[in-house]
Every structure is written in structure tokens, then in C-alpha cells.
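Take a look at the letters that make up each chain.
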Amino acid sequence: MKNKTFVQKVKNGQPPFYSLIKSAVLFILNFRIPLFWPLTWFYRALYFFHVFLRESVVVLLKIIYFEPMIRAVCVKVGRNLRLEKLPYIVGNGSIELGDNVRISGRIDIGFNNRFGHTPQFIVGNNVFIGCLCGFAAAKKIEIGNNCYLASGVKIFDNDGHPLDPQKRRQGEPVSIEDVQSVKLCDNVWVGTGGVILKGVTIGENSVVGAGSIITKDVPANTIVAGNPARIIKVINQDAS
């Protein structure tokens, strides 16, 4: 109570002694170092040194820490893999990464091993996967060449839990009938927060709008958006 009373008195600036304390606190909080030209150049150089140091640490971690561990747990890793953080992998599955794959920030890969076979997560060449993307594979999730997945994209090839509430209460796993592979064909772009559900194939060159939920196949050369997603435009390949 005494501490609260003291803070309240400082906020109110009453009596005069607390007004001095309030002024001192505001001065400290609002103090800025004056940047006349020698200091401006100094702090500008310091900023670039900070960026260089940070990026050097990222590259060093990639070379001696992240990349060797990924190569050890993956079935295949192509050339020029670029990692910013180590993916979080749960369960046992087969991971294949093509050439020039870039993973920006942390992603999650979860495998469901209840069906007596090895789930697969396959990524083609020249693929970008944004931070906070998540993948849940009980059978197979396949991403083609030249695909872009923005941050927060989620892809599931299974429901995760049974639709029957009694089975969920009893902790039973999803049935094999509720597992269907997902495939993104070449040149697909999935916007931020897109969700792709089981059994979906997204055709070549198609675009999924940000925040869209894909529950059925998407034809090639189309733009889809919404919940559930619908076709909003056909991409004219002749005009490109």
C-alpha cells in the first residue's frame, strides 16, 4: 500500500517534493543524446557493425550448428539450404528438401506415426517457407518447385482428432480414412495465414489469398480467397 501511495503521489506531483521526483523521472525517460555530426556518423557506423555482427552470428550458427543437424535428420537435403532457426520436429517421418530452400524463422513439422508407415514431408527446389509455418503429416505433404509460403501458413493431411466426440473423449486417434495427402504443384504462392486441409491439391501457378482456408482442390492458374476459399480470378498465362 505504501508503494502504491508513493507512485500515486509521484504521478500526481503532490506535494511539491513528489513534483520534483516526477520531473526527474520524466527528464530521464525523455532524454535523448543530441546527434551532432560526429555522433551521427559514430552511431551510423555502430548500427552497421551491429547488423554485421548479428548476421555473422546467424551465418555461423547455420554453418556449424543448424544445417548439420538438419542434414542428420533429413533423408535428403539439397544445395544451398538457408536456415534462420532450427525447425521444431515432432514424431518420426521422412523429410526431403530440394536445392535453394529458404526457411525464414522457426517452422513446426509434426508427424503422426499411428498408421504403420512413414509420413513424408517433401519440399522441391527454390522454395521459400516463412516463419511460423506449420505442417502436420500422417501420410504425405508435398510442396513443388518455386513455391512461396508466407508466414503462418498451416498444412494438414489429417483431421488431427476423430469427428466422433466419444472417440475424442477416449483419446482415440484419427482413423486412416481421415488421412489424405496434400500437394502443392509448382509455382504456387500461399499468402499469410493460409490454411490447407487434407486431400487438397493446388494446381500449378495458383495463388492462395491471405487468411484463406482451402478445403478442396484448386485448379491451375487461379487465384482463390476466402473461408472456405473460392475462385476469384483466373490467371491469364498468355498475357504474362
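You'll find the structure just up there.
Residues numbered from 1 in each chain as written. Predicted model: local features only at pLDDT ≥ 70, side-chain atom pairs only at ≥ 80, totals over all residues. Heavy atoms only, no water.

Caption draft 1: Representation of the pattern of salt bridges within the structure. A complete count under the given rule lists nine salt bridges for this structure. The salt bridge partner of Glu 142 is Lys 140, with a shortest N-O separation of 3.7 Å. Bridged by salt links that share partners, the residues Lys 62, Glu 67 and Arg 71 form one connected network. (Salt bridge = Lys/Arg side-chain N within 4 Å of Asp/Glu carboxyl O.)

Caption draft 2: Quick look at helix α3 (residues 37-73). The terminal C-alpha atoms of α3, which comprises 37 residues, lie 52 Å apart, in line with the 54 Å expected from a rise of 1.5 Å per residue. The largest bend in α3 comes to about 50 degrees, at Lys 62. Within the span of α3, buried status applies to Val 51, Lys 62, Phe 66, Glu 67 and Ile 70. Residues of α3 that are buried make contact with β1 (76-77), β2 (82-83) and β4 (94-97). (Helix = DSSP H or I, 4+ residues; strand = E, 2+ residues; numbered from the N terminus. Expected span 1.5 Å × (residues − 1). Bend = angle between axes of the 7 residues up to and from the residue. Buried < 20%, exposed > 50% of the residue type's maximum accessible area, 1.4 Å probe, protein only. Contact = heavy atoms within 4.5 Å.)

Caption draft 3: Structural view of the sheet that holds strand β10 (residues 140-143). An order of β1-β4-β7-β10-β13-β16 is seen for the six strands of this open sheet, with the pairing classed as parallel. Two strands in the sheet have a free side with no partner beyond their single neighbour: β1 and β16 (201-202). Where β10 meets strand β13 (residues 182-184), three bridges bridge the pair, whose relative direction is parallel. In the strand pairing of β13, Ile 141 is matched with Val 182. (Pairing = 2+ DSSP bridges.)

Caption draft 4: Geometry of the environment of Lys 216. Structurally, Lys 216 is set in the loop between β18 (213-214) and β19 (222-226). By relative accessible area, Lys 216 is classed as exposed at 59%. Residues Lys 216 and Ile 33 lie 183 residues apart in sequence; the distance between their C-alpha atoms is 58 Å.

Caption draft 5: View of the sheet that holds strand β12 (residues 154-156). Taken together, six strands build an open sheet; the order of strands is β3-β6-β9-β12-β15-β18 and the sheet is parallel. Edge positions in the sheet fall to β3 (88-90) and β18, since each has one partner strand and no second. When β3 meets strand β6 (residues 108-111), the two strands line up parallel, connected through three bridges. Bridging across to β6, Ile 89 finds its partner in Ile 109.

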